[in-house]
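Observations on chain architecture
Residues per chain, in single letters:
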Amino acid sequence: ALLRDLGYRWRSVHGYRDAAGRNIHAPYLVCVPVDGNNAYEVALQACMQHGASQRPDELANAMRLIQGLPASVVVEIGCDMGGTLFAWRQVCDEVIGITLADNSYATGGQGMPLHAHGAVVYTGDSHHPETLAWLYAHLDHRPVDALILDGDHSVAGVEADLVMYGPLVRPG
């Protein structure tokens, strides 16, 4: 109760990446501010300064949902300029992006360079089996807490991503 009175809470973290890039699975607790991020302000910053193309209020609501997860591994398919990668990194432990090398208007992007903002980004087609294999190996048997499908905006593309990556999401 003392921590909460001071404006902090414990957050469970399930591992980290060491300097050599290895996933270290070691549960530990981190002391973080309660509601340390004003989600709307961060979402507005993601849109205005980092190229997120979402509405700030909708992005803020998604950030609040992700922030409420007990352990956060977010996978976003379709990263464009990285604006939402910036937003997710403000509220969760690990962010993984999968995106095409071609970020032009023809593929749904803004044609600007991608900035990872501390996320791990795999450049490749989300519909290819080798991309799924890379993610599976990178997760090292950890589940995904939130899957953001913002790549191929066609019905068939979203369904394909959901069929491929949905089974990696933690039940519940």
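Our subject is the structure listed above.
Our subject in this report is the structure included herewith. Small disclaimer: the values here were computed from a predicted structure and weren't measured.

**Topic: the packing of helix α2 (residues 39-50) against helix α4 (residues 83-91)**
Relative to each other, α2 and α4 sit at 155°, their axes nearing to 8 Å. Considering the angle they form, α2 stands roughly antiparallel to α4. Once α2 is placed against α4, the crossing between them reads as right-handed. Here V42, Q45, A46 and H50 of α2 lie close against α4, whose contacting residues are G83, F86, A87 and Q90.

**Looking at the environment of G51**
Looking at the element boundaries, G51 is found in the loop between α2 and α3 (56-67). With relative accessibility at 13%, the residue G51 sits in the buried group. In sequence terms G51 and T84 are 33 residues apart; their C-alpha atoms lie 8.2 Å from each other.

**Comments concerning the sheet that holds strand β5 (residues 73-77)**
Pairing in this open sheet of four strands is parallel, and the strands run β7-β6-β5-β8 from one edge to the other. Pairing within the sheet leaves two strands with one partner each, and these edge strands are β7 (120-123) and β8 (146-149). With direction set aside, neighbouring strand axes in the sheet form an average angle of 15°. Against the sheet, helix α6 (residues 155-165) touches β5, β6 (94-99) and β8, its axis set at about 160° to β8.

**Describing the pairing of β5**
Among the five residues that make up β5, five are buried, leaving the element largely enclosed by the rest of the structure. Alternating residues of β5 divide into V73, V75 and I77 and V74 and E76, and every residue in both groups is buried. Regarding topology, α4 serves as the crossover connection from β5 to the parallel β6, and that connection is right-handed. Bridge count for β5 against β8 is four bridges, and the pairing is parallel. Across the sheet, the residue bridging to V75 is L147, located in β8.

**Here's the deal with the pattern of salt bridges**
Side chains bearing opposite charge may pair, as long as their charged atoms lie close to each other. Applying the stated rule across the entire model yields four salt bridges. A salt bridge links R55 to E58, with the shortest nitrogen-to-oxygen separation between them at 3.6 Å. Taking relative accessible area as the criterion, E58 reaches 46% and is therefore assigned partly exposed. A salt bridge links R170 to D145; the shortest N-O distance between them is 2.6 Å.

Calculation rules
Residues numbered from 1 in each chain as written. Predicted model: local features only at pLDDT ≥ 70, side-chain atom pairs only at ≥ 80, totals over all residues. Heavy atoms only, no water. Axes fitted to C-alpha atoms, helices over the stretch in contact; angles between N-to-C directions. Helix = DSSP H or I, 4+ residues; strand = E, 2+ residues; numbered from the N terminus. Parallel < 35°, antiparallel > 145°, perpendicular 65-115°, else oblique. Left-handed = near helix turned anticlockwise from the far one by under 90°. Contact = heavy atoms within 4.5 Å. Buried < 20%, exposed > 50% of the residue type's maximum accessible area, 1.4 Å probe, protein only. Pairing = 2+ DSSP bridges. Right-handed = clockwise from strand over helix to strand, strands pointing away. Salt bridge = Lys/Arg side-chain N within 4 Å of Asp/Glu carboxyl O.

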